Amino acid sequence: MGQDKATRDRVLIIGAGPVGSVLALALRRQGVPILLIDQLAAPERDCRAASCHPPTIAILEELGLLEAGLEQGLVSPVFHYLDRVTGERVGRFALPEMQQPPAHAYVLQWEQYKIADTVEAMLNADDGARIERSTKLLGIAQDEDGVAAIVERADGSTDRLDAAYLVGCDGGRSTVRKLSGIGFDGFTWPERFIKIDTRHDFTALGPKISNRNYFSDPEEWMNLFKARGEDGSGMWRAVSPTLPEQTDDALLSPAAIEARLQKFCPKPGSYEVVTVALYNVHQRIAETFNKGRVLLAGDAAHVNNPVGGMGMNGGIHDAMNLAAKLGDILLRGAEALPLLDRYTRQRRKGQVDGVQAQSIANKQTLGEKDPVVRAAKLAEIRRASETPDLHDAFIRRSCMIDSFAAANAIE
Ligand SMILES: Cc1cc2nc3c(=O)[nH]c(=O)nc-3n(C[C@H](O)[C@H](O)[C@H](O)COP(=O)(O)OP(=O)(O)OC[C@H]3O[C@@H](n4cnc5c(N)ncnc54)[C@H](O)[C@@H]3O)c2cc1C
């Protein structure tokens with residue numbers, strides 16, 4: 001492809017969301033030069049992901065990000081399951097009380113835009129990293145020697161960027177995946193999810209509320225989480241399902257938002273609502289995460305419903321796994337294809353058996369409509385929370401401890 005050495009050795013990352021940013025940093029920690037591009041002029045403020053599970057916290061520590069995470073985030077050692085119909089707490093799961101707790105026995109509520117911002121500041125101070133914003137990927141060409149991206153800049157001009165490898169971290173609608181003809185099988189749930197960010201402090205509901213709460217309800221389940229928010233003063237995030245026939249206008253009007261919150265937790269006066277968003281929800285996984293010199297990571301490779309907070313975590317696990325393999329190939333002369341095929345095997349396993357299965361089960365448990373099945377599922381959660389071995393196994397599944405280890409063990 002007629003590249004000079006500097007471009008021949010670098011990795012081009014498309015997408016500066018949390019996964020592309022962490023991949024860039026993990027490659028730089030090994031000394032691999034990177035170019036990170038994003039179509040947006042500035043990082044997105046949308047707070048989708050906020051939960052970082054213990055294996056992800058260990059990665060943040062390894063990359064030198066944990067100090068910032070602890071400063072900007074919220075440590076949540078406990079999570080609760082509740083029955084929204086009776087108002088009763090069904091289960092309490094405490095990471096520090098595990099018989100063999102992980103090194104970091106908590107979930108870190110650190111909003112994804114804060115992770116991306118923190119990494120971007122570190123990359124901006126690094127000569128081996130270049131970030132180009134307002135730069136959109138339009139096309140890809142690859143041969144045995146390298147890969148080239150055709151990009152469009154804000155002024156409408158186009159340019160060609162060469163690299164040794166190109167990684168699509170460009171989200172669920174990934175242009176990289178589509179341009180590479182990689183299938184994305186799975187399904188879309190009929191209902192959309194609505195997310196409401198409010199400053200109202202739900203700890204007023206008493207000790208049954210922790211920073212992370214799952215409310216089961218056959219009519220309208222609810223996930224209620226606390227994060228630190230933009231100014232650090234606290235922001236609660238309430239995620240619940242909508243009905244397929246409900247329109248945007250019917251769901252997003254201030255009166256509808258107020259009614260949804262009042263129905264969940266009646267209180268005098270109105271709620272202070274900061275942001276509201278509607279999401280289509282999918283369970284899909286790319287048929288492969290590697291095609292020649294093109295790779296996929298994060299939502300570009302897999303999407304899942306957000307119950308349990310696993311999407312970004314899985315993407316960060318992809319990023320760490322891939323960075324180590326690209327380092328071996330580019331710096332230590334390892335043969336590329338076996339390692340990149342192994343990347344797909346390992347991370348698809350983490351997705352299929354871990355994230356996809358667990359997030360589907362989480363959603364079904366919360367929204368179960370059959371009264372007999374529902375009672376059995378809640379009884380199972382209660383028993384798990386009261387039985388040490390079951391308690392620990394429940395946390396290991398919910399907090400991605402088992403799926404992370406199982407994926408890494410694949411040859
Ligand atoms: C309500 C909700 C709550 C969630 N909560 C959690 C949680 O608690 N924990 C968790 O782990 N996950 C959670 N998730 C999932 C999480 O938000 C995603 O998994 C995560 O954003 C994926 O990160 P990413 O970097 O792969 O993609 P994205 O965050 O989508 O970033 C993709 C980037 O690529 C850029 N881009 C796209 N196309 C192009 C192009 N052609 N050229 C250049 N740039 C491009 C975009 O501008 C964007 O910056 C949640 C999701 C939702 C909807």
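The structure displayed is predicted, hence computed values, not measured ones. (Residues numbered from 1 in each chain as written. Predicted model: local features only at pLDDT ≥ 70, side-chain atom pairs only at ≥ 80, totals over all residues. Heavy atoms only, no water.)

### Section: the packing of aromatic side chains
Definition in use: Two aromatic rings from Phe, Tyr or Trp, using only the six-membered ring of Trp, form a pair when their centres are within 6.5 Å; if the ring planes differ by under 30 degrees the pair is stacked, by over 60 it is edge-to-face, and anything between is tilted. A run of DSSP states H or I qualifies as a helix once it reaches four residues; a run of E qualifies as a strand once it reaches two. Both are numbered from the N-terminal end. Remark: exposure states derive from per-residue accessible area (1.4 Å probe, protein chains only) relative to the maximum for the residue type, with buried under 20%, exposed over 50%, and partly exposed in between. Charge over a ring is defined by NZ of Lys or CZ of Arg lying within 6 Å of the ring centre and within 35 degrees of the ring normal.
Inspection of every chain in the model, using the stated rule, returns 15 aromatic pairs. Relative to tyrosine 271, the ring of phenylalanine 202 has its centre 6.1 Å away and its plane inclined at 25°; by these criteria the two rings are stacked. Here the residue phenylalanine 202 occupies a position in the loop between β14 (193-198) and β15 (212-216), and tyrosine 271 occupies one in the loop between α8 (254-264) and β18 (273-279), the gap between them amounting to 69 residues. As far as burial versus exposure is concerned, phenylalanine 202 and tyrosine 271 are alike and both buried. Here a set of aromatic residues connected by ring pairs shows up, and it is made of Phe79, Tyr81, Phe93, Tyr214, Phe225 and Phe394. The ring of phenylalanine 184 has arginine 177 lying over it, and the distance from NZ or CZ to the ring centre is 3.5 Å.

### Let's talk about the sheet that holds strand β4 (residues 74-76)
Backbone-to-backbone hydrogen bonds join strands into a sheet, with any given pair of strands oriented parallel or antiparallel. The condition is simple: Strand pairing follows a simple DSSP-based rule, namely that at least 2 bridges must link the two strands.
Across the sheet, which stays open at both edges, the three strands sit in the order β3-β7-β4 with antiparallel pairing between neighbours. A strand with exactly one partner marks an edge of an open sheet, and here the two such strands are β3 (51-52) and β4.

### Things to note about the pattern of salt bridges
Should the charged atoms of two oppositely charged side chains come close, the side chains can pair. What counts, and what does not: Salt bridges are defined by distance alone: a side-chain nitrogen of Lys or Arg within 4 Å of a carboxyl oxygen of Asp or Glu.
Summed over all chains, the structure comprises 29 salt bridges. Put simply, arginine 153 and aspartate 159 hold a salt bridge, and the shortest N to O gap is 2.4 Å. Arginine 396 is the partner of aspartate 402 in a salt bridge, and the nearest nitrogen-oxygen pair spans 3.2 Å. Residue classification places arginine 396 among the partly exposed positions, given a relative accessible area of 30%.

### A word on the site of the ligand
Under the convention used in this document: When we say a residue is near a molecule or strand, we mean one of its heavy atoms is within 4 Å of it. Any pair of N or O atoms that falls within 3.5 Å is considered a polar contact. Within protein, one atom must be able to donate a hydrogen and the other to accept it, and sequence-neighbouring residues count only if both atoms are side-chain atoms. Only the protein chains shown count as cover for residues, and the accessible areas themselves come from Shrake-Rupley with a 1.4 Å probe.
Around the ligand, a shell composed of 30 residues is seen, among which Asp38, Gln112, Asp299, Met312 and Asn313 lie nearest. Here aspartate 38 contributes a side-chain N or O atom positioned 2.6 Å from an oxygen atom of the ligand. Here an oxygen atom of the ligand and a backbone polar atom of methionine 312 are 2.8 Å apart. Considered on its own, the ligand offers 1,000 Å² of accessible surface; in the complex 92% of this is hidden by protein. Contributing elements (two or more residues each) for the shell around the ligand: α2 (18-30), β9 (135-142) and α9 (311-332).

### Topic: α8
Residues separated by three or four positions in an α-helix point in the same direction, a consequence of the helix having 3.6 residues per turn. To keep things clear, this is the line we draw: Picture the helix axis, draw a direction to every C-beta atom, and the arc is the one those directions span. Every residue pair with non-hydrogen atoms within 4.5 Å of one another is taken to be in contact.
Among the residues of α8, Ile257, Glu258, Arg260, Leu261 and Phe264 are the ones counted as buried. The buried residues of α8 all sit within an arc of 160° when viewed along its axis, so they share a single face. Turned more than 90 degrees from where α8 packs its buried face, Ala255 and Lys263 sit exposed. Looking at the packing, one finds that the buried side of α8 touches β14, β15, β16 (222-227), β17 (235-241), α7 (248-252) and β18.

### Regarding α9
Defined as follows: A helix is expected to span 1.5 Å multiplied by its residue count minus one.
Over its 22 residues, α9 runs 31 Å from end to end, which matches the ideal 32 Å to within 8%, given 1.5 Å per residue. Positive backbone phi, at 70°, marks glycine 333, one or two positions downstream of α9.

### Brief notes about the sheet that holds strand β6 (residues 88-94)
Rules: Angles run from 0 to 180 degrees between N-to-C directions of axes, and those axes are lines fitted to C-alpha atoms, restricted for helices to the stretch in contact.
One open sheet accounts for seven strands, arranged β6-β5-β15-β16-β17-β14-β18; its pairing is mixed. Each edge of the open sheet carries a strand with a single partner, namely β6 and β18. The sheet shows a mean angle of 15° between the axes of neighbouring strands, taken without regard to direction. The sheet strands contacting helix α10 (residues 336-367) are β5 (78-83), β14, β15 and β16, and the helix crosses β15 at an angle near 55°. With respect to the sheet, helix α11 (residues 371-386) is in contact with β5, β6 and β15, its orientation differing from that of β6 by roughly 40°.

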